[in-house]
Amino acid sequence: MDENHRAIAGDSWIVDCDALVLSVGLIPENEVARSAGVGLDPRSNGTVTDEFMQTNIHGIFSCGNSHAVMDLVDFVSSQGDVAGKNAAAFCCGGTMTPWQPPHRYSPAKGLPEPGAVNCILCPNGCRLCYEKDGTISGHLCRRGEEYAIQERANPKRTLTLTMRTKTGALAPVRTASPIPKCDLLSAAADLREMVLDNQDISCGDILVENFRGTSVIATDCVPRLEEL
Ligand code: SF4
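This structure is a prediction, so every number in the text was calculated from the model and none was measured.

About the thresholds
Residues numbered from 1 in each chain as written. Predicted model: local features only at pLDDT ≥ 70, side-chain atom pairs only at ≥ 80, totals over all residues. Near = placed C-beta within 6 Å. Nonpolar A, V, L, I, M, F, W, Y, C, P; charged D, E, K, R; others polar. Core = buried A, V, L, I, M, F, W, Y, C linked by C-beta atoms within 7 Å. Buried ≥ 20, exposed ≤ 12 C-beta atoms within 10 Å, placed from the backbone. Helix = DSSP H or I, 4+ residues; strand = E, 2+ residues; numbered from the N terminus. Contact = placed C-beta atoms within 7 Å. Pairing = 2+ DSSP bridges. Axes fitted to C-alpha atoms, helices over the stretch in contact; angles between N-to-C directions.

K.L.:
Which residues make up the site of the ligand, and what values go with them?
P.N.:
What surrounds the ligand is the set Cys 119, Leu 121, Cys 122, Asn 124, Gly 125, Cys 126, His 139, Leu 140, Cys 141, Arg 143 and Gly 144. Among the residues making up the shell around the ligand, the classes are represented as six nonpolar, four polar and one charged.

As structure tokens, this is what we get:
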């Protein structure tokens, strides 16, 4: 993608598949799962699965952030690998394998261990430790130190989800800046209640102003639909 989020000519390829389902962001976005009758956890909006990552609907598997909030992409990748293999095993009548975190700490959101946090600002994923003298260690750059201080005082995340338009089309959006982590679910609930006008939406358009101290902007284009 270029700086305007448009595909770069010649930098694409075609993958032959039946469907592609993406889960991107920290709040599970499960409209497709919900419409399929998959059970969702009312506290997190994530899918409920067994240890094989299979939902209450046989043959539908769920993993990654559609299932639970994870701070490390390693967990998402590992769980996706197991869910995909189990889906293949389900189709072929093979043996499924339970998913086990590749780490002794819980993949659920929050601090993975007292006194430490993983920096999520870049793929380095530095392990940041709160030292007894009040300093931070483990960071490779100053942003990590600032992140560790913020994370302990008032952790914040950018909220990403979709908003409905009057035609029923979904517009992918995010908050323009991070909001307190403890407000993510209620903010998501507020945005789900709002309905956008039927309009041409461009990537970067401000769709909701003065929302939780920031604004809500579109992350993709949604064309206006002709009304009958
Ligand atoms: S401390 Fe710096 S280098 Fe390390 S993960 Fe954070 S942003 Fe990346």
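K.L.:
So what's going on with the nonpolar core? Residues and values would help.
P.N.:
Judged by nonpolar contacts, Leu 159, Leu 161, Met 163, Ala 171, Val 173, Leu 184, Leu 191, Leu 196, Ile 201, Leu 207, Val 216 and Val 222 together constitute the single largest core of twelve residues. If you list the elements that add at least two residues to this core, you get strand S5 (160-165), strand S6 (170-175) and helix H4 (184-193). Among all residues touching Val 216, those that are not within four sequence positions of it are Val 173, Thr 175, Leu 191, Leu 207, Val 208 and Phe 211.

K.L.:
Could you give an account of the sheet that holds strand S2 (residues 127-130), with specific residues and numbers?
P.N.:
Taken in spatial order, the three strands make up an open sheet running S1-S2-S3, and their pairing is antiparallel. Strands at the two margins of the open sheet, each flanked by one partner only, are strand S1 (116-118) and strand S3 (136-137). Alignment of S2 against S3, held across two bridges, turns out to be antiparallel. For Cys 129, the partnering residue across the bridge sits in S3 and is Ser 137. Running over the sheet, helix H3 (residues 142-153) touches S1, S2 and S3 and is turned about 60° from S2.

K.L.:
Could you give an account of the pairing of strand S9 (residues 206-211), naming the residues involved and the relevant values?
P.N.:
In this structure, S9 lies alongside strand S10 (residues 214-218), joined through three bridges in antiparallel fashion. Note on S10: the bridge partner recorded for Phe 211 is Thr 214. If you look at the hairpin formed by S9 and S10, you'll find two residues sitting between the two strands, and Arg 212 has a positive phi there, around 50°.

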